[in-house]
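Geometric and topological summary
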Amino acid sequence: MEGAEGLTFAANISDGFLFSDVSFLERFKAAKCAGFSAVESAFPSNASLEQLVNAQQSAGVEQIHLNLPAGDAAAGDRGLAANPAKVEAFRESVATGVRYAKALGCTRLHAMAGAIDEKASRDEWTSVFIENLRWAAELLSKVRTAVSPMMSFSSPDWRSLG
């Protein structure tokens, strides 16, 4: 869906957002049928890369934004980039995210910092966040990267870097 001044409006097809009455893979087509030319989503953990590419291409939409894998939501993960205990998982998520972005033609990846444990040191998490982003910079140099610390007004029960 094209907007004023060349803006592109993308349908967020993540679970809990648009078109959640159909399966994730069917949401690409639903977005196109609703007039969108582009989609964005959290990392799609419930479909293979081949399935995603097929759904995207058959719908004829652009994937303009994709979150990096954000860890285990059921265990409380809301991103990996700042978590001192998840440095290797973050690095794996960057490699996976870049692979998916290339296959989908996606030029924007989102690295979520995560929610800080109440007992954790804010300084340590901030230091890990900075170091992880420095490490990832070369791998992410070909895509635009969004970084968003969680904000207390959108998630009041999370301590965050924001």
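The structure we're discussing is the one just above.
The structure reproduced in this document is the subject of the present report. (Residues numbered from 1 in each chain as written. Predicted model: local features only at pLDDT ≥ 70, side-chain atom pairs only at ≥ 80, totals over all residues. Heavy atoms only, no water.)

What to know about the overall build of the chain
- Tallying secondary structure elements over the chain gives four helices and five strands in all.
- Along the chain, from the amino end to the carboxyl end, the secondary structure elements read β-α-β-α-β-α-β-α-β.
- Burial analysis of the chain (162 residues in total) assigns 41% to the buried set.
- For the chain, contacts bridging at least 24 residues in sequence account for 70% of all contacts bridging at least 6. (Helix = DSSP H or I, 4+ residues; strand = E, 2+ residues; numbered from the N terminus. Buried < 20%, exposed > 50% of the residue type's maximum accessible area, 1.4 Å probe, protein only. Contact = heavy atoms within 4.5 Å.)

A word on the side chain of Asn67
- Mapped onto the fold, Asn67 is located in strand β3 (residues 62-67).
- Note on Asn67: relative accessible area 12%, which makes it buried.
- At 3.5 Å, the side chain of Asn67 and the side chain of His65 are in polar contact.
- At 2.9 Å, the side chain of Asn67 and the side chain of His110 are in polar contact. (Polar contact = N/O pair within 3.5 Å; in protein donor to acceptor, adjacent residues only side chain to side chain.)

Let's talk about the nonpolar core
- Core analysis: the largest hydrophobic core is formed by 38 residues, its most contacted members being Ile13, Phe28, Phe90 and Leu109.
- Only α1 (27-33), α2 (49-59), α3 (87-104), β4 (108-112) and α4 (122-137) provide two or more residues apiece to this core.
- Counting residues per element, this core draws most heavily on α3, at six residues.
- Not counting residues within four places of it along the chain, the set of residues in contact with Phe90 comprises Leu68, Leu80, Ala81, Ala111, Asn132 and Ala136. (Core = buried A, V, L, I, M, F, W, Y, C linked by side-chain atoms within 4.5 Å.)

Some words on unusual backbone geometry
- Phi is positive for Phe19, which is not a glycine, with a value near 60°.
- By the secondary structure assignment, Phe19 is in the loop between β1 (10-12) and α1.

Comments concerning the pattern of salt bridges
- Within the structure shown, the criterion is met by two salt bridges.
- Notably, a salt bridge pairs Asp77 with Lys86, separated by 2.9 Å at the nearest N-O pair. (Salt bridge = Lys/Arg side-chain N within 4 Å of Asp/Glu carboxyl O.)

Considerations on the pairing of β4
- The buried count for β4 comes to four of five residues, which makes it a mostly enclosed element.
- Two elements, β3 and β4, share two bridges in a ladder whose sense is parallel. For Asn67, the partnering residue across the bridge sits in β4 and is His110.
- The handedness of the β3 to β4 crossover, carried by α3, is right-handed. (Pairing = 2+ DSSP bridges. Right-handed = clockwise from strand over helix to strand, strands pointing away.)

Structural notes on the packing of α2 against α3
- One can describe the packing of α2 onto α3 by two numbers: an axis separation of 10 Å at closest approach and a directional angle of 30°. Classified by the angle their axes make, α2 and α3 are roughly parallel. Like other packed secondary-structure pairs, α2 and α3 cross with a definite hand, here right-handed. Contacts from Leu49, Leu52, Val53 and Gln56 of α2 reach α3 at Arg99, Tyr100, Ala103 and Leu104.
- Residues that form the contact of α2 with α3 fall into these classes: six nonpolar, one polar and one charged. (Axes fitted to C-alpha atoms, helices over the stretch in contact; angles between N-to-C directions. Parallel < 35°, antiparallel > 145°, perpendicular 65-115°, else oblique. Left-handed = near helix turned anticlockwise from the far one by under 90°. Nonpolar A, V, L, I, M, F, W, Y, C, P; charged D, E, K, R; others polar.)

Points about the packing of aromatic side chains
- Applying the stated criterion across every chain yields a total of two aromatic pairs.
- With 5.8 Å between their ring centres and 80° between their planes, Phe24 and Phe28 make a pair best called edge-to-face. Judged on exposure class, the residue Phe24 and its partner Phe28 are both buried.
- Plain terms: the ring middles of Phe43 and Tyr100 are 4.7 Å apart, the flat faces sit at 55° to each other, and that makes the pair tilted. Taken together, the positions of Phe43 in the loop between β2 (38-41) and α2 and Tyr100 in helix α3 put the pair 57 residues apart, joining distant regions of the chain.
- Note on Tyr100: relative accessible area 10%, which makes it buried. (Phe/Tyr/Trp six-rings, centres within 6.5 Å; stacked < 30°, edge-to-face > 60°.)

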